[in-house]
Amino acid sequence: MEALQCYDVAIVGAGIQGSATAWYLAKHCGKKVILLEQFSLNHTRGSSHGETRIIRYMYPESYFVDMMTHAYPLWHELSRDSQKPILRETGGITTVKEVRPDLKTMKEAFDRRQLPYTLLSAEDIGRRFPGLQYPPGWEGLYDPHSGVLSADLARSTFQSEFAKHGGTLRPNSPVKSIRPGAEVIVVLGDGSVVRARNLIITAGAWSKNVLSELGVHLPLQVERINVFYWRATNPDLYSRQNKFPVLVHYTDTSHFYALPIDEYPGLFKFCLHNGKPIESPDCRDKGSHDDGYLAGEVATLAAAIRK
């Protein structure tokens, strides 16, 4: 009976983090793993759904650059194993005002890791990417290995490859309680029990709730982040086929990102990096249209596009 099995690892949360962790442990470490998901596998209530995400080395935080040197080979491995177009390197550019320190710290991290990059002036940016026109005083760092991840495809592929390596996947299995010990006892919503020697929690916005079962109370804050698509007047300027890069754009007050047109014909994905704090992921959509916040985001993004 399943309740009598003892897994090497139980993972709570089958979003992109949990699915990737399960795949790695099963394939590279030979572990007996069970991956638990409270909802269906293709739900849209967390942060792992959607068509696209940015992948990049170009972070101002050097520890993220270090992490990406390990992550890129694993993404390529997943693409090779599955024969699916999960990662597409389009190149990417980070743009800042010259007075900001972001490019300096980024350049130092790239130099330390001997990663390729090109520094661009405002004039260089406009000449290389006609869809990006900056006034004097702006500069950019171009990373040839930045690109686009197919988010839904990546998550589902991690799960299917995990299963090929003997992993157990259980959707629609919310955690009711966790009892730590030499063997961790996870009681699920239907009353069934999972036993494991190790527990990994990758519950995303629900992590605070799951951790509280273990007496761990971290100051985690859930945010609702909206995604916007803008109709381009000249779509060719922003298309992946014409080598438009992924974009990370810093101003004095905001952090923006954009991806080449690919998901929807003629629509350019340009969004704010941060969102609005909310009480709980279970009330994500409450107040999303009646508090003026959404209108404020649209106005901020529209002003950035005009500039």
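Residues numbered from 1 in each chain as written. Predicted model: local features only at pLDDT ≥ 70, side-chain atom pairs only at ≥ 80, totals over all residues. Heavy atoms only, no water.

## Here's the deal with the nonpolar core
It is characteristic of soluble globular proteins that their nonpolar side chains tend to be buried jointly.
Here is step 1 of the chain: Among the nonpolar cores identified, the biggest contains 39 residues, and Ile11, Val33, Ile55, Met58, Trp75, Phe110 and Phe162 are the most heavily contacted of them.
Here is step 2 of the chain: Ranked by residues supplied to this core, first place goes to helix α2 (residues 62-82) with five residues.
Here is step 3 of the chain: If we skip the residues at most four places from it in the chain, Phe162 touches Ala22, Trp23, Ala26, Val33, Leu35, Gly167, Thr168 and Leu169.
Here is step 4 of the chain: Counting 22 residues, the second largest nonpolar core, distinct from the first, contains Ile125, Phe244, Ala258 and Leu301. (Core = buried A, V, L, I, M, F, W, Y, C linked by side-chain atoms within 4.5 Å. Buried < 20%, exposed > 50% of the residue type's maximum accessible area, 1.4 Å probe, protein only. Helix = DSSP H or I, 4+ residues; strand = E, 2+ residues; numbered from the N terminus. Contact = heavy atoms within 4.5 Å.)

## Points about the sheet that holds strand β3 (residues 52-55)
Here is step 1 of the chain: Taken in spatial order, the three strands make up an open sheet running β3-β8-β4, and their pairing is antiparallel. Both outer strands of the open sheet, β3 and β4 (87-89), are each paired with one neighbouring strand and no more. Taking each pair of neighbouring strands and ignoring which way they run, the sheet shows an average axis angle of 25°.
Here is step 2 of the chain: Strand contacts of α2: β3, β4 and β8 (147-150), with the helix running at about 120° to β4, the strand carrying the most contacts.
Here is step 3 of the chain: Against the sheet, helix α5 (residues 151-164) contacts β3 and β8, and its axis sits at roughly 55° relative to β8. (Pairing = 2+ DSSP bridges. Axes fitted to C-alpha atoms, helices over the stretch in contact; angles between N-to-C directions.)

## Let's talk about the side chain of Asp102
Here is step 1 of the chain: Locating Asp102 in the fold gives a position in helix α3 (residues 102-113).
Here is step 2 of the chain: A polar atom in the side chain of Asp102 sits 2.7 Å from the side chain of Arg100.
Here is step 3 of the chain: Asp102 has contacts with Pro60, Val96 and Tyr250, leaving out every residue within four places of it along the chain. (Polar contact = N/O pair within 3.5 Å; in protein donor to acceptor, adjacent residues only side chain to side chain.)

## Thoughts on the packing of helix α1 (residues 16-28) against α5
For any two helices packed against each other, the geometry comes down to the angle between their axes and how far apart the axes lie.
Here is step 1 of the chain: At a closest axis distance of 8 Å, the pairing of α1 and α5 adopts a crossing angle of 30°. In this view, α1 runs roughly parallel relative to α5, as classed from their interaxial angle. Pair α1 / α5 crosses with left-handed handedness. Judged by residue contacts, Ile16, Ser19, Ala20, Ala22, Trp23 and Ala26 of α1 engage Ala154, Arg155, Phe158, Gln159, Glu161 and Phe162 from α5. (Parallel < 35°, antiparallel > 145°, perpendicular 65-115°, else oblique. Left-handed = near helix turned anticlockwise from the far one by under 90°.)

## Notes on the sheet that holds strand β17 (residues 267-272)
Here is step 1 of the chain: The seven strands are arranged β6-β7-β5-β15-β16-β17-β14 in an open sheet whose pairing can be described as mixed. Every other strand in the sheet has two partners, leaving β6 (118-121) and β14 (229-231) as the edge strands with one partner each. Along the sheet, successive strands turn relative to each other by an average axial angle of 25°, direction set aside.
Here is step 2 of the chain: Relative to strand β7 (residues 138-143), β6 runs antiparallel, the two being bridged by four bridges. Considered in β7, the bridge of Ser121 is made with Glu139.
Here is step 3 of the chain: Across the sheet, α3 lies against β5 (92-97), β6, β7 and β15 (246-250), angled at about 25° from β7, the strand it touches most.
Here is step 4 of the chain: Each of β14, β16 (255-259) and β17 is contacted by helix α7 (residues 293-306), which is oriented at about 115° to β17, the strand it contacts most.

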